[in-house]
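Here is what each chain is made of, one letter per residue.
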Amino acid sequence: MLNLTFYGHACFLIDDGKYKVLVDPYITGNPLAKVDAKKLSPDFILLTHGHGDHLGDTLDIAKRCKALVISNYELATFCASKGVENTAGLHIGGGAEFPFGTLKLTIAHHGSTQGEKLAYGGNPVGFIIRIDGKVIYHSGDTGLFMDMKLIGELDEIDIALLPIGGYFTMDVSDAAKAVEFLKPKKVIPMHYDTFDLIKADPMEFAKRVEPLGVECVILQPGEYYKLV
Ligand code: NI
Ligand code: MN
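Just so you know, these numbers come straight off a predicted model, no measurement behind them.

Participant: How should the pairing of strand β5 (residues 68-72) be read in this particular structure?
Facilitator: Look at any regular strand and the pattern is simple: side chains alternate between the two faces of the sheet. By the criterion of burial, β5 is predominantly enclosed, with five of the five residues buried. Sheet topology note: the β5/strand β6 (residues 87-90) ladder contains four bridges and is parallel. If you follow Ser 71 over to β6, its bridge partner there is Gly 89.

Structural data, given as structure tokens:
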């Protein structure tokens, strides 16, 4: 059984009982986060891109836990240059097997700078995560794109994690269209309400996707969902 904990914004912990995979750990500085970053002990950290609200606490957590940081090549190299011992730099369309399962990097339409100097952080990505017999799609920050149809065609997605906050990413209406393209069994909205700029109504999103036969799971920061 898979346990998916939402730590707010785009941060999820995927736990299959053996391995803990943390995505985009933006905890410190997140006004809605309910957890202390020091309490998290992932084996793997996946980064969709280098913006501060995704890179977040990665460097501290990775160094403390000796977690393997997996990202695009540029961002993985950046983390290594900051003292992270274990990094894997993959790239869009590529993937690899890891102890927890397989990972594939998808496109995402967004920017990606890294660190305080806003240096180039490579292309932003999304992830197809195959773990414990399930397929999870974390889109990262992205606008709506037509290739989501292809992503939905290549894998039967059990659960999609999609931004709905608008301004920097898809809004509720575009995210509902994304669900139509991806055809996941379930969807969890993310990347909303953290800041005033990205206020959105997850209930409105739920209303739009449920007629498509897709269950919308709304999680508050700190809540988890058991994917069976
Ligand atoms: Ni971003
Ligand atoms: Mn973001």
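Don't stop here, the text continues.
Participant: Looking at this structure, how should I read the coordination of the manganese ion (ligand 2)?
Facilitator: As a benchmark, a tetrahedral metal site with four donors has ideal angles of 109.5 degrees, while an octahedral site with six donors has ideal angles of 90 or 180 degrees. At 2.1 to 2.2 Å from the manganese ion (ligand 2) lie its protein donor atoms, namely Asp 53 (OD), His 54 (NE2), Asp 141 (OD) and His 191 (NE2). Spacing between the donor residues of the manganese ion (ligand 2) along the chain follows D-H-x86-D-x49-H. Here the manganese ion (ligand 2) and the nickel ion (ligand 1) are spaced 3.2 Å apart, linked through Asp 141, which binds each one. Linking Asp 53 in helix α1 (residues 52-55) with His 191 in the loop between β14 (186-190) and α6 (202-209), this pair joins segments that are 138 residues apart in sequence. Classification of Asp 53 by relative accessible area gives buried; the value is 15%.

Participant: Help me out: how do you make sense of α6 in this one?
Facilitator: Side chains three or four residues apart in an α-helix point the same way, a direct result of the helix having 3.6 residues per turn. Restricting attention to buried positions, one finds in α6 the residues Pro 202, Phe 205, Ala 206 and Val 209. On an axial view of α6, the arc spanned by its buried residues comes to 100°, and they lie on one face. Along α6, the residues that are exposed and aim more than 90 degrees away from the buried face are Met 203 and Lys 207. In this fold, the buried residues of α6 make contact with α5 (172-182), β14 and β15 (215-216). Its side-chain oxygen placed 2.9 Å from the backbone nitrogen of Met 203, Asp 201 serves as the N-cap of α6.

Participant: Would you take a moment to explain the packing of aromatic side chains for this structure?
Facilitator: Working definition: an aromatic ring pair is given by the centre-to-centre distance plus the angle between the planes. Evaluated as defined, the whole model comprises seven aromatic pairs. When the centroid spacing of 6.0 Å and the interplanar angle of 65° are considered together, the rings of Tyr 19 and Phe 44 count as edge-to-face. Placement of the pair is Tyr 19 in the loop between β2 (11-15) and β3 (20-23) and Phe 44 in strand β4 (residues 44-46), with a sequence separation of 25 residues. The class for Phe 44 is buried, based on a relative accessible area of 6%. Arranged with centres 6.4 Å apart and planes meeting at 45°, the rings of Tyr 26 and Phe 195 form a pair that is tilted. Note that Tyr 26 is positioned in the loop between β3 and β4 and Phe 195 in the loop between β14 and α6, a separation of 169 residues in sequence.

Cut-offs and rules
Residues numbered from 1 in each chain as written. Chains lettered and ligands numbered in written order. Predicted model: local features only at pLDDT ≥ 70, side-chain atom pairs only at ≥ 80, totals over all residues. Heavy atoms only, no water. Buried < 20%, exposed > 50% of the residue type's maximum accessible area, 1.4 Å probe, protein only. Helix = DSSP H or I, 4+ residues; strand = E, 2+ residues; numbered from the N terminus. Pairing = 2+ DSSP bridges. Donors = N, O, S within 2.8 Å, 3.2 Å for Na, K, Ca; no water. Arc of directions from axis to C-beta. Contact = heavy atoms within 4.5 Å. Polar contact = N/O pair within 3.5 Å; in protein donor to acceptor, adjacent residues only side chain to side chain. Phe/Tyr/Trp six-rings, centres within 6.5 Å; stacked < 30°, edge-to-face > 60°.

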